[in-house]
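# Remarks on the overall topology
Each chain is listed here by its residues.
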Amino acid sequence: MTSRDLAEWAVGVGDLPDDVRHAAARHMLDGVGNAIAAARFGSGTAGWTVANALGGPGEARPLTGSAGLSAPAAAMATAVLIHALDFDDTHAGALVHPTVVSLPAAFAVGQETGATGAEILTAFALGLETACRLGAVTPHGFHARGMHASGVVGTLSSALVAGRLMGFESSVLVHALGIAGSSSAGLLEFLDSDADTKSLHPGSASFNGILAARLAAAGASGPASVLEGKRGLYAALSDRPADLSVLTNDLGSTWEATRIGIKPYPSCQLMHVTLDAVNAAGASADEVADIEVFVHPDSKHIVCGPNAGVAAPRSTYDGKFDLPWSVAALLHDGAVTVETYTPESIAREKILQTARKVRVNDMMYDGPAASAPGRALITLDDGRILEGRVDGSRGSAAFPLDDDALRNKFDANCGSHSRAQELADRIFGLADEPDLTAVLDLAADISR
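Rules and cut-offs
Residues numbered from 1 in each chain as written. Predicted model: local features only at pLDDT ≥ 70, side-chain atom pairs only at ≥ 80, totals over all residues. Heavy atoms only, no water. Pairing = 2+ DSSP bridges. Helix = DSSP H or I, 4+ residues; strand = E, 2+ residues; numbered from the N terminus. Axes fitted to C-alpha atoms, helices over the stretch in contact; angles between N-to-C directions. Contact = heavy atoms within 4.5 Å. Phe/Tyr/Trp six-rings, centres within 6.5 Å; stacked < 30°, edge-to-face > 60°. Buried < 20%, exposed > 50% of the residue type's maximum accessible area, 1.4 Å probe, protein only. Lys NZ or Arg CZ within 6 Å of the ring centre and 35° of its normal. Expected span 1.5 Å × (residues − 1). Core = buried A, V, L, I, M, F, W, Y, C linked by side-chain atoms within 4.5 Å.

## Focus on the sheet that holds strand 4 (residues 385-390)
Ordered in space as 2-1-3-4, the 4 strands form an open sheet in which the pairing is mixed. Both outer strands of the open sheet, strand 2 (358-362) and strand 4, are each paired with one neighbouring strand and no more. Each strand of the sheet is rotated relative to its neighbour by a mean of 15°, with strand direction disregarded. Bridging between strand 1 (residues 288-295) and strand 2 involves 5 bridges; their strand directions are parallel. Across the sheet, Ile 291 pairs through a bridge with Val 358, a residue of strand 2. Strand contacts of helix 13 (residues 272-281): strand 1, strand 3 (374-380) and strand 4, with the helix running at about 135° to strand 4, the strand carrying the most contacts.

Here it is as structure tokens:
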């Protein structure tokens with residue numbers, strides 16, 4: 001059974017390769033920064049409200065918080081914060097946000113079990129790898145069925161992280177994965193509304209993953225065939241073929257965790273390459289007569305919904321999935337930042353007028369949508385046509401942000417706080433920290 005192979009690997013991993021350890025630290029830094037930014041902007045408050053109401057024994061503090069909650073509640077609050085701005089990382093082949101469904105469990109259960117920084121970093125890296133591989137088994141398959149891939153695979157990656165930190169034997173971890181699969185969910189129905197349920201999916205996945213691990217520890221059983229069974233995860237929730245060999249081939253020697261993209265824009269990953277292409281064209285909004293962009297068909301129905309380019313975004317989260325509006329904002333403002341999607345910003349009439357000039361055509365590309373090239377043709381008022389082309393999106397695995405650029409993003413997320421780089425140094429050096437205390441204290445201080 002595939003889940004047994006996954007569990008045996010997760011239990012048996014010793015020291016991480018240097019490149020994997022560094023990649024994990026980079027994604028941890030990005031996740032912490034996104035949580036701090038969300039807290040600063042007052043986003044993700046529903047997850048916090050519910051987590052605090054759940055309370056429980058003071059096992060773990062959520063990111064940016066000072067009070068201890070139960071580990072599942074703390075993980076839920078942290079996950080909703082990390083995903084609230086849609087600024088967190090993406091694995092192109094899996095179309096999954098790996099950090100937000102791995103870091104919350106690592107931080108919460110790491111505190112609960114008194115784990116060292118090195119143990120937490122290793123468990124987090126295993127979660128990243130698991131989430132990436134689970135999604136890559138069926139590229140865009142969950143989305144094609146109307147499911148949010150991160151919500152689907154995140155319950156299992158969270159359960160695996162929790163089980164590793166709780167010291168499970170592989171047989172117990174198999175049960176945890178089997179139980180977690182029954183809680184896998186996340187509907188894409190938010191795309192046709194002003195709802196922000198997408199930001200809640202990782203919270204549910206983190207909460208239920210830890211619960212699955214606890215249930216397995218208490219003796220509950222789950223099906224070992226949770227992945228490949230005729231009523232298993234892929235049969236039930238994917239609309240495309242599943243190649244389960246992707247999950248286990250070269251597991252432990254080839255790491256997808258080193259191939260995760262880091263977002264330069266706080267919006268859906270599937271529009272980033274178009275924003276880059278528009279940026280490369282070099283036009284300004286006051287001279288634009290027409291905008292033609294070319295988009296992968298798998299991206300089109302997610303970032304070019306019926307409301308896109310027709311009316312103003314219905315919510316700040318809706319704006320992050322409105323490609324025409326985001327293109328227009330880039331042309332007007334010269335950048336797309338967390339401020340682009342505030343309630344005041346999305347109500348700007350001049351942005352909507354430019355968004356209505358955007359025409360979207362299909363770009364045929366054999367690979368995953370998140371790694372497709374981008375192209376934009378911008379016709380100016382004087383008849384000149386500017387073309388922008390990029391081979392892939394900035395920040396993706398093929399065109400990664402270097403450590404300096406990542407630190408700059410982190411600093412901006414922290415509001416250029418005087419202690420931001422101190423926190424960054426702590427996270428990059430987490431393998432030498434005795435626990436999470438210093439990281440949590442700094443994150444709470446910076447987010448105030």
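## With respect to the packing of aromatic side chains
Counted according to the given criterion, the structure contains 5 aromatic pairs. Between Phe 142 and Tyr 234 the ring centres are 5.7 Å apart and the planes differ by 25°, which places this aromatic pair in the stacked class. With Phe 142 in helix 7 (residues 141-144) and Tyr 234 in helix 11 (residues 233-237), this pair connects stretches of sequence that are 92 residues apart. Of the two residues examined, Phe 142 and Tyr 234, each falls in the buried class. Seen from their ring centres, Tyr 317 and Phe 321 are 5.8 Å apart, and the 25° between their planes marks the pair as stacked. Comparing Tyr 317 with Phe 321, the two get one shared label, buried. Among the aromatic residues, ring-to-ring pairing joins Phe 190, Tyr 317 and Phe 321 into one connected group. A cation over a ring is seen here: Arg 394 above Tyr 265, with NZ or CZ 5.6 Å from the ring centre.

## What to know about helix 4 (residues 71-83)
The first and last C-alpha atoms of helix 4 sit 18 Å apart over 13 residues, in line with the 18 Å expected at 1.5 Å per residue. Within helix 4, 13 of the 13 residues are buried, which leaves the element mostly enclosed by the surrounding structure.

## Details of the nonpolar core
If you look at the biggest cluster of nonpolar residues, it comprises 106 residues, and the most contacted ones within it are Met 28, Val 32, Phe 107, Phe 142 and Leu 423. Per element, the largest residue contribution to this core is 11 residues, and it comes from helix 6 (residues 117-136). The residues contacting Val 32, other than those within four sequence positions of it, are Leu 63, Leu 103, Phe 107, Phe 410, Leu 423 and Ile 427.

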